[in-house]
Amino acid sequence: MIVLLVASCEEDSVNDDALLSSYVLGRTIEKGAVIACAGSTTDAAKVLVFQYPVNGASDAKVYETKGTDIDENDFSNYEKVMVNGTPFFNGYLQQFDRDLNVEKWIIVTHELDGEIKLSNPIRTKQVSKASKWIDEVNIDQETSTMPRFTWIKNQFGDNAIYFQVVSDAQNNLLSGTYTLENTFQYYNTSNVILNITTETPPILSVGTEYNFSLMDVSEDNWVNLFVLNKKFTVE
């Protein structure tokens, strides 16, 4: 965890949030504290930005650079964009839709406990490496009610981590986890390195239909690969 206190030069100055550098001026911030990533749709100019709003977080903002040929760690290069978040997995995650003709760096922020929390910079690649949308996932149900999901390892290169979601027919998130391996078994966290599931996942019901979703995420937080709501019936 990195905590940085940025001191204001003027005690009575009022921060403007148009630039990220102005927004954080005089505030306590935490870098890398917002879980966020972005990927593209089949429309090459459409970028989807996702963030995980932890309990109690508020005032989410999205900041973008004008391009990628800049220092992505210099907050003065980021300008706020006016965009409203929409619920993803019925609000467990938040989605921001952006129409971008050029590739950019993006930082997502929110406020929590009087501090500004920031995501790591996200490098959009909607032109150079558009996200792939597939449904190629193997589902092994040898252990009843505990399906194991396996997918091709690093299929499109540049993988750093995998994010997987099991949801019900109403798209409510039941399990949200991150692994380094290209496999995940429901209700088994032995290879999970980050778990955003806030409650114990329910036991799946035999004969009931559920969904599996996957994001293959790069080190700079771009989603190389999406699997969205692949349906399966529990055995």
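Residues numbered from 1 in each chain as written. Predicted model: local features only at pLDDT ≥ 70, side-chain atom pairs only at ≥ 80, totals over all residues. Heavy atoms only, no water.

Remarks on the pairing of strand S8 (residues 93–99)
The side chains of a regular strand alternate between both faces of the sheet. Two strands pair when backbone bridges link them, and strand S4 (residues 46–51) and S8 are joined in this way by six bridges, in the antiparallel orientation. Its bridge partner lying in S8, Phe-50 is registered against Gln-95. Taking the residues that link successive antiparallel strands as the turn, the strand S7 (residues 86–88)-S8 hairpin has four residues, and the phi of Phe-89 there is positive, at about 55°. (Pairing = 2+ DSSP bridges. Helix = DSSP H or I, 4+ residues; strand = E, 2+ residues; numbered from the N terminus.)

Quick notes on unusual backbone geometry
Leaving glycine aside, a negative phi is the common case for residues, and trans is the common case for peptide bonds. Of note in this structure, Asp-59 is not a glycine but carries a positive phi near 55°. Following the sequence through the fold, Asp-59 ends up in strand S5 (residues 58–64). Looking at Asp-59, the relative accessible area reads 43%, which means it is partly exposed. Positioned with a positive phi, Asp-158 is a non-glycine residue whose angle comes to about 75°. Structurally, the position occupied by Asp-158 is in the loop between strand S14 (148–150) and strand S15 (161–167). (Buried < 20%, exposed > 50% of the residue type's maximum accessible area, 1.4 Å probe, protein only.)

Notes on the side chain of Thr-177
Following the sequence through the fold, Thr-177 ends up in strand S16 (residues 173–179). Those residues in contact with Thr-177, other than ones at most four positions away along the chain, are Tyr-162, Phe-163, Gln-164, Phe-184, Val-192, Leu-194, Asn-195 and Thr-197. (Contact = heavy atoms within 4.5 Å.)

Notes on the packing of aromatic side chains
The final tally for this structure, using the stated rule, is 13 aromatic pairs. Ring centres 4.1 Å apart and planes at 10° place the aromatic pair Phe-149 and Phe-212 in the stacked group. On the criterion of sequence distance, the pair formed by Phe-149 in strand S14 and Phe-212 in strand S19 (residues 209–217) is long-range, its members being 63 residues apart. The exposure class of Phe-212 is buried, given its relative accessible area of 0%. Ring centres of Tyr-186 and Tyr-187 lie 6.0 Å apart, and the angle between their planes is 55°; this geometry places the pair in the tilted category. Look at Tyr-186 and you get buried, because its relative accessible area is 1%. Of the residues examined, Tyr-187 reaches a relative accessible area of 42% and is grouped as partly exposed. An aromatic cluster is built from Phe-149, Trp-151, Tyr-162, Tyr-210, Phe-212 and Phe-232, whose rings are joined through pairwise contacts. (Phe/Tyr/Trp six-rings, centres within 6.5 Å; stacked < 30°, edge-to-face > 60°.)

Considering the confidence of the model for the protein
Atomic detail in the predicted coordinates should be set aside for any region of low pLDDT. A residue-level look at the protein finds 94% of positions with pLDDT of 70 or above and a mean pLDDT of 93. This model gives residues 1–14 a pLDDT under 50, and the stretch forms 21 contacts once residues within four places in sequence are excluded. (pLDDT = per-residue confidence, 0-100.)

Notes on the sheet that holds S8
Pairing is antiparallel across the open sheet formed by four strands, whose spatial order is S3-S4-S8-S7. The two strands at the open ends of the sheet, each matched to only one other strand, are strand S3 (36–40) and S7. Geometrically, the sheet is characterised by an average inter-axis angle of 35° between neighbouring strands, direction not taken into account. (Axes fitted to C-alpha atoms, helices over the stretch in contact; angles between N-to-C directions.)

Side note on the environment of Tyr-63
Of note, Tyr-63 is situated in strand S5. Looking at Tyr-63, the relative accessible area reads 0%, which means it is buried. A C-alpha to C-alpha distance of 9.1 Å links Tyr-63 and Met-82, two positions 19 residues apart in sequence. Residues in contact with Tyr-63, not counting those within four places in the same chain, are Asp-17, Ala-18, Leu-19, Leu-20, Tyr-23, Tyr-78, Glu-79, Lys-80, Trp-105, Ile-106, Ile-107 and Thr-109. At a separation of 2.7 Å, a polar atom in the side chain of Tyr-63 contacts the main-chain carbonyl oxygen of Asp-17. (Polar contact = N/O pair within 3.5 Å; in protein donor to acceptor, adjacent residues only side chain to side chain.)

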